[in-house]
Amino acid sequence: MSNIKLIKKEIKKLGSVPYIITADITDLEKIKSSINDLIHSCGKIDILVNNAAITLPEPSDTYSEDKWEKTYMINLKAPFKLSQMAAKFMKKQGGGVII
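So, how was this worked out
Residues numbered from 1 in each chain as written. Predicted model: local features only at pLDDT ≥ 70, side-chain atom pairs only at ≥ 80, totals over all residues. Heavy atoms only, no water. 1 Å grid on protein atoms, 1.4 Å probe; cavity = no way out; pocket = protein on both sides within 12 Å on 5 of 7 lines; lining within 4 Å. Points joined across faces, edges and corners; volume = space filled by probe spheres on them. Helix = DSSP H or I, 4+ residues; strand = E, 2+ residues; numbered from the N terminus. Nonpolar A, V, L, I, M, F, W, Y, C, P; charged D, E, K, R; others polar. Patch = residues over 30% accessible without salt bridge, like charges linked within 9 Å, V, L, I, M, F, W, Y side chains within 5 Å. Areas by Shrake-Rupley, 256 points an atom, 1.4 Å probe, with all protein chains shown as cover. Salt bridge = Lys/Arg side-chain N within 4 Å of Asp/Glu carboxyl O. Buried < 20%, exposed > 50% of the residue type's maximum accessible area, 1.4 Å probe, protein only.

> Lay out the layout of surface pockets with the relevant residues and their values.
Here the largest pocket is characterised by a volume of approximately 1000 Å³. Broken down by secondary-structure element, the contributors of at least two residues to the lining of the largest pocket are helix 1 (3-13), helix 2 (28-42), strand 1 (47-48) and helix 3 (65-93). Sorting elements by how many residues they give to the lining of the largest pocket places helix 2 first, with 5 residues. Classifying every residue of the lining of the largest pocket gives 22 nonpolar, 5 polar and 2 charged. The space that makes up the second largest pocket amounts to roughly 220 Å³. Leu 28, Glu 29, Lys 32, Ile 35, Asn 36, Lys 81, Gln 84, Met 85, Lys 88 and Phe 89 together form the lining of the second largest pocket.

Shown next as structure tokens:
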């Protein structure tokens, strides 16, 4: 069983309804659309888990700008933007948790 299926199963055991989005986190328009779909389906966001990250090991003196941009986008910018998007809804509903 995949990790996502296990997570869904555990969430259901706790009496909650899981809504898991798997997407290219660098596609900010797709992420925004997914959050809007979530709000439309469930009415709220209780928890956001930012768990996307990459490592592209290479000595810093030869690390390409393209690799740096990809690492920055996935590890920093996209989780920041996703957190901002989710926080707007969480504030309206009176709270939520971002991990």
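> Which residues make up a nonpolar patch on the surface, and what values go with them?
A cluster of nonpolar side chains, Ile 47, Val 49, Val 97 and Ile 99, forms an exposed patch at the surface whose accessible area comes to about 380 Å². Relative accessible area serves as the criterion here: at 53%, Ile 47 is assigned to the exposed category.

Keep in mind these values describe shape, not function.
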